[in-house]
Amino acid sequence: MPRSELKKIGLLTSGGDAPGMNAAIRSIVRTAMHHNVRVTGIKRGFDGLLQGDIVELESEDVSDIIHRGGTILKTARCAEMHSPEGQEKAANICKILNLDALMIIGGNGSIAGGLSLSKHGVNAICLPGTIDLDLDCSEYTIGFDTAVNTGMDAINKLKDTSSSHQRCSIIEVMGRYKGYIALWCGIVGGAEEVVLPEEDVTTDQNQVIEQILSNRSQGKKHNMIVVAEGIGDSAALAKKIEDATGIATRATILGHLQRGGNPTALDRMWASVMGHEAVDIYLKGFKNRVIVVKDGVCAHLDIEEGLNYKRPYDEKNYKMMKILAL
């Protein structure tokens, strides 16, 4: 088949980077090439789309990237995509590029960008790439496992110095307005307390102090407290704990450290599965879908349905953490 007659898809990564994005890029490109579909890579997310920053991707372009963090397509946030004019311009560029579909790897904001483009006639197929696990319609998002492992490794190291000095350590982890990273880090790191932004399990500072005093009365010489980014103000909490208890307390904020590093096997696997699924549903004629993990398997939903879905918060793991911390 002449190259000009091949189907063509666009591919971009948008918003915050997440370990495993490169694995998803590789999976999409290789699956597309297998089915004689051309792939146009768009650099720097929607901003790059609006600027026409594109490159044709071949199989060899995605060699040796599955283990790399970040994204070879680069990423950015794009204020212009929040305006109707910017959305219409982006959709027109997709049509000029003759894209049969635009595949978007990113979080809620990126997927919302895909929804806006779909209303202008672009077939948007989205993959959840965010360490925060804050896309309610999916049980898993690319990058989450690596972020948790980075947090766990930091907790392990902090515990060494915390126990040596008999201190209280506060570690603040990412997650935006969701506490999944914090809760998982707290459980797998053996923390004494986790402070989450979810309304049903909000722990105030006085409760944290009471927990530390109770632990000390039972012979506990050091404490580890995990604070979610959505709560923040860890330095102020450290000072309050030290003033109230007399226990030396130090705060460590991991920040963007959790976005970097080689993706774990789990992130590489899910990214590969999701990338393959994205191309597969495109070839089957589905339009405007978001790839999700549902009941442990890869599935897909209408983008608008996916963004509107609200997952109820389950307290079970938090209650388990409290029991295991005793």
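Shown above is the structure to which this text applies.
Residues numbered from 1 in each chain as written. Predicted model: local features only at pLDDT ≥ 70, side-chain atom pairs only at ≥ 80, totals over all residues. Heavy atoms only, no water.

Peer 1: Any chance you could break down the sheet that holds strand E4 (residues 101-106) for me, citing the residues and the numbers?
Peer 2: Sheet architecture is open: 7 strands sit in the order E3-E2-E1-E4-E5-E10-E11, paired in mixed fashion. With one partner strand each, in any of the chains shown, strand E3 (54-57) and strand E11 (297-302) form the two edges of the open sheet. The sheet shows a mean angle of 30° between the axes of neighbouring strands, direction not considered. Of the strand pairs in this sheet, strand E5 (residues 124-128) and strand E10 (residues 289-294) are connected by 2 bridges, and their pairing is parallel. Note that in E10 the partner of Ile-125 across the bridge is Arg-289. The sheet strands contacting helix H4 (residues 108-118) are E4, E5 and E10, and the helix crosses E4 at an angle near 160°. (Pairing = 2+ DSSP bridges. Helix = DSSP H or I, 4+ residues; strand = E, 2+ residues; numbered from the N terminus. Axes fitted to C-alpha atoms, helices over the stretch in contact; angles between N-to-C directions. Contact = heavy atoms within 4.5 Å.)

Peer 1: Residues and numbers for the environment of Lys-287, please.
Peer 2: Assignment of secondary structure puts Lys-287 in the loop between helix H9 (265-283) and E10. Taking relative accessible area as the criterion, Lys-287 reaches 53% and is therefore assigned exposed. As a C-alpha pair, Lys-287 and Ala-124 span 163 residues in sequence and 6.7 Å in three-dimensional space. (Buried < 20%, exposed > 50% of the residue type's maximum accessible area, 1.4 Å probe, protein only.)

Peer 1: Run through the nonpolar core, naming residues and quoting values.
Peer 2: In this structure, Ile-9, Leu-11, Met-103 and Ile-171 are the most contacted members of the largest nonpolar core, which totals 61 residues. Grouped together as the second largest cluster of nonpolar side chains are 28 residues, Cys-78, Ala-90, Cys-137 and Val-290 included. (Core = buried A, V, L, I, M, F, W, Y, C linked by side-chain atoms within 4.5 Å.)

Peer 1: Before we move on, can you summarise the state of the cysteines with the specific residues and values?
Peer 2: Here the structure, examined in full by the defined rule, presents 0 disulfides. Cys-185 takes part in no disulfide bond, and the closest cysteine sulfur, belonging to Cys-168, lies 16 Å away. (Disulfide = S-S within 2.5 Å.)

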